[in-house]
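Single-letter residue listing:
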Amino acid sequence: MSKVRFSSKRLLLTLMLCACSVILLQNYDISEKSSFVFDILCMLFGLAICFVLFIPSVIIKMRTNLDFLTVARTVTPKLKIPLAVLYSLYFVYAAEFFLLPYTDMFSKKYYSDVTPCLIALILLSACVYAALKGVNVITRFGIFLFVFALITNLLMFGGSIGTLDFELYGFEVTGSVNDFIKNTVYFIIPAFIVTLFACLSGKTKNFKLRQPLFALIVTGLKYGLIMFFIWFSLGDYASKQEYQTFILARAARIGFFGGIESLYLALATMSVFMIISLVLCAVTKSAGKESDIKYVIIFAVILFAAHMCGSYLNSVKEIFTNNYIFAVFTVITAAVIPMMYVFAGRKSSARKTLHSINMS
Amino acid sequence: MNNSLSEILSDLKADFSDSADLTIRNLTLKSERQIKAAIVTIEGLCDKEQLSQSVINPLLPYDFKSMKGQEAADKILSSVMASSDVVVIYTKKEIISFITSGFAVIIVDGAQQMFAVGVQGYSFRGVNEPESEVVQRGSREGFSEPLRVNMSLIRRRMKNPDLVFEQMTVGRESKTQLMLCYLKSRVSPKLLGKLKKRLNSCNLDSVLASGYLSEYLEDERSSRLFSGVGISERPDTVCGKLTEGRIAVIVDGTPAVLIVPRLFVEEFQGVDDYSNRTYYAAFIRLTKYLSFFTALFLPGLYVALAQFHPEYFPTGILIKTSESLAQTPLPVTLETLAITFVYEIMKEAGLRIPKSLGHAVGIVGALVIGESAVNAGIISSSTLMVVATAAICSYVTSPLYPPVTMLRFIFIIIGGLCGLWGIVIATAVMIISMCSKTSLGVPYMSSLAPFSLRTMRDVFVRADWKSLSKHIIKVQRFKETEV
């Protein structure tokens, strides 16, 4: 695997695409009672929290130019195994959090004859190949996905402009505290990219604080546009349906040109492919063996087994796709634990160790 | 080495096992001491007239008086020989190397040194326009088989002392000569070192064409589907690449010159692009990219849509396609695979068949296999049209023909088994594979991924020469290059 350092900008671009995929794949899990403007406010608050969660890993990156896992293993070698277990668990959970809705959406909305587990198996096999090539190669793939996402979104939004209707729904602010909490938790989900950044940023260079900020702003714009079109183009019809973004793509038409949902599906597939590939890279890194074929395959098998359980046992599926559990888990892995190391790293002994690693 | 003429000659005869083409012309020089000498050549490799004029004619009448062998040899070099191309040699290995390259070796009894005289005169194909890289505007010269002719074609275009030709020998048995050609001020020494190391590791018995070496020049653990080694038969193309810091490998006996590193975007660049107007060059480039994607994806997408998602066809096309497919006995996947396979067979037959029969084969292919099969209802006209369009498109970027053909088969099978979703996954894997590929340490997808705005001026569109000439492109400066 290549030892070369790649641009941090590209990693953040890839993570931004991963963050955007949340609204592509998820069941648009926000309150039905709240208004559009209220949802936007919740989104802004949620993404602001995401940015705050970025701070510990950004400090570690700027201070040491290393990823969080390397720093943690160096500063506290005795905690190597508990940390590996915790982060491996988190990444397996994160992978299932995206894989289960994706296969569910695929079989429910697109091609009902197919077995979700077969889709998961093929997808995971492709992800194993990508994970073995490393993060650098996956981020290069992210450039192509970015272009494809841009075209798909332009077609999806351009094709929905004709059906916009502002008369039925206004821009008033309505919503309760419960709605606010529910919506904000949904909009904290993109913070999983913070954990990915914390674990995978070791080989990047030229990191700037504005990069995560920009990534979150673009994510917010995309979310805002999708919410806007779902709200004003699909209206009440959307709230009664599952996977509203898919419905938006299916309803979009440019003249005689329809079938944009096939492009949407391609985008969603490639996004999940990228997320799981990155997760496999991160999970093997957390286990201490980056892009090692044995470890990648072991974790892919674990993911497949977890997916089988999630597909056939509803209780397991509910746990795997629970926004609250995911948000809490994300906050712990993305911010709480790295924050401890931010303080631990200030000790002179830790500084010396990190400095020697950096020099080597 | 022993300086007795008879021993040297008997050693040579033994080494060549008295081969019929080893020619030894024994001479007795005009002198008081009756000095013995010999001229050793290989039959058919040297020009006999040139040999007579520049060596034998001046040598025989010259009076060496009372000189000894060594003195006579010195005199031959300084005053007798009428050739400008003389190399002083000392070993048997050198004798073999020079005579097999068309030189005549003069051995004087009792002298330590010998002389290799350049009298090469073997027959070879002239400098013709390469058939595989035809241009509308530009030079009509293409490389030929002899190494020295190819070197001169490059030197004529690069009148620069920076241009270096470095000789190497590969092939344990064939001892094939090759030249590394580069611009000293532009090439990366590390890149050059890496290339030499790989060529030295080549343990082939014989290297009969440049293609034998291309696999040795590929990076280890790098995907082999797309080639990381460029091939050109045009000296102007090679010169253009040299100015970007690339290295050309000219192999004796092959008109195809290898160029490393090779990038994906180069497959879409042609010599004509730089002679045409910028807007037309940009149009041609975009057409090439479109053709590449059509050749790669069209049959697979057609199969996927026809089999799993016919609703995506526009109504008019859907009706025609459905009618056409309903009349054929085979499922659309098998039908597309079969037609693509038959096309490949016909293409191979067309390449190997004598030219006089080519026309007949064309008629058989087009009328019998094509039209008759459609009329008989064995294959559908829409499938035939899709395969034919993809086949034509694949020749627009001919260097990519092998990977495109293989991938087309894969996409047809995947499209038939998994539909659009399968094609998406296969495309993702293909992109990952291409992104992970490197050519001599330079990322194969450079300019696109890793993205570089500066080099994009010569990717999808070609900027005007004023803009292009502002920045010198050096291949080792591409992002994330590992040399």
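Rules of the game
- The residue count restarts for each chain, going from 1 along the sequence in the order it is written.
- As they are written, the chains are lettered A onward and the ligands numbered 1 onward, keeping that order.
- Two thresholds apply to this predicted model, a pLDDT of at least 70 for residue-level local features and 80 or more for giving and counting side-chain atom pairs, whereas whole-chain, interface and lining totals are computed over all residues.
- Partly exposed residues are those falling between the two cut-offs: more than 12 but fewer than 20 other C-beta atoms within 10 Å of their own, whereas 20 or more means buried and 12 or fewer means exposed, with C-beta atoms placed from the backbone.
- Think of it this way: any DSSP run of H or I at least four residues long counts as a helix, any run of E at least two long counts as a strand, and we number them from the N terminus.
- Two strands make a pair as long as DSSP finds a minimum of two bridges between them.
- Annotation comment: domain bounds sourced from an automatic or database domain assignment.
- Think of it this way: build a C-beta for each residue from its backbone, and any pair within 7 Å is a contact.
- Only buried Ala, Val, Leu, Ile, Met, Phe, Trp, Tyr and Cys residues enter a nonpolar core, and they are joined through C-beta atoms within 7 Å.
- Lines fitted to C-alpha atoms define the axes here, with helix axes fitted over just the stretch in contact, and angles between the N-to-C directions of these axes take values from 0 to 180 degrees.
- With respect to orientation, any angle under 35 degrees is reported as roughly parallel, any angle over 145 as roughly antiparallel, any angle of 65 to 115 as roughly perpendicular, and every other angle as oblique.
- Left-handed describes a crossing whose near helix is turned anticlockwise from the far helix through less than a right angle; right-handed describes the clockwise counterpart.

A. Structural view of the pairing of strand β2 (residues 36–42) of chain B. Residues and elements named next belong to chain B. The element β2 is extensively covered by neighbouring structure, given that five of its seven residues are classed as buried. Here strand β1 (residues 22–28) pairs with β2 via seven bridges, running antiparallel. What sits directly across from Leu 22, in β2, is Ile 42. Direction of pairing for β2 relative to strand β4 (residues 103–108): antiparallel, over a ladder of four bridges. Note that in β4 the partner of Ala 37 across the bridge is Val 108.

B. Seen up close, the domain arrangement of chain B. Domain annotation for chain B reports domain 1 (5–118), domain 2 (131–273) and domain 3 (277–436). Placing a centre on the C-alpha atoms of domain 1 of chain B and another on those of domain 3 of chain B gives a separation of 63 Å.

C. Spotlight on the interface of chain A and chain B. Each partner contributes residues to the interface: chain A has 21 residues there, and chain B has 19 residues. When residues of the side of chain A that touches chain B are traced back to their parent elements, those giving at least two are α5 (116–133), α6 (135–158) and α12 (260–286) of chain A. Counting residues per element, the side of chain A that touches chain B draws most heavily on α5(A), which supplies six residues.

D. Fine view of the nonpolar core. Membership of the largest hydrophobic core comes to 197 residues, with the highest contact counts inside it found for Ile276(A) and Leu278(A). Both domains that furnish three or more residues to this core are identified here as domain 2 (131–273) and domain 3 (277–436) of chain B. Leave out the neighbours within four places in its chain, and Leu278(A) touches Cys18(A), Val135(A), Ile138(A), Leu196(A) and Leu200(A). Ile42(B), Leu59(B), Ile89(B) and Met114(B) belong to the second-largest nonpolar core, a separate cluster that totals 32 residues.

E. Structural view of the environment of Val185(A). Residues and elements named next belong to chain A. Inspection of the secondary structure assignment puts Val 185 in helix α7 (residues 177–188). Overall, Val 185 belongs to the buried group, with 20 C-beta atoms counted inside 10 Å. Counting along the chain gives 156 residues from Val 185 to Asp 29, while the straight-line C-alpha distance between them is 9.6 Å. Discounting residues that sit within four places of it in the chain, Val 185 has contacts with Asn 323, Tyr 324 and Ala 327.

F. Seen up close, the environment of Gln269(B). All names here are of chain B. Relative to the assigned elements, Gln 269 resides in the loop between β10 (257–260) and α9 (278–307). A residue is classified by how many C-beta atoms lie within 10 Å of it, and Gln 269, with 18 of them, is partly exposed. With 236 residues separating them along the chain, Gln 269 and Arg 33 place their C-alpha atoms 68 Å apart.

G. Inspection of the packing of α9(B) against helix α11 (residues 332–352) of chain B at higher detail. Residues and elements named next belong to chain B. Where α9 meets α11, the axes come as close as 9 Å, and the angle between the chain directions of the two elements is 160°. One element, α9, and the other, α11, form an angle in the roughly antiparallel class. The handedness of the crossing between α9 and α11 comes out as right-handed. Seen from α9, the contacting residues are Pro 299, Tyr 302, Val 303, Ala 306 and Gln 307; seen from α11, they are Val 332, Thr 333, Thr 336 and Thr 340.

H. Region of interest: the sheet that holds strand β6 (residues 163–170) of chain B. All names here are of chain B. The five strands are arranged β6-β7-β9-β10-β8 in an open sheet whose pairing can be described as antiparallel. Strand pairing shows two members of the sheet lacking a second neighbour, β6 and β8 (230–232), which therefore form its edges. Adjacent strand axes in the sheet meet at a mean angle of 25° when their direction is disregarded.

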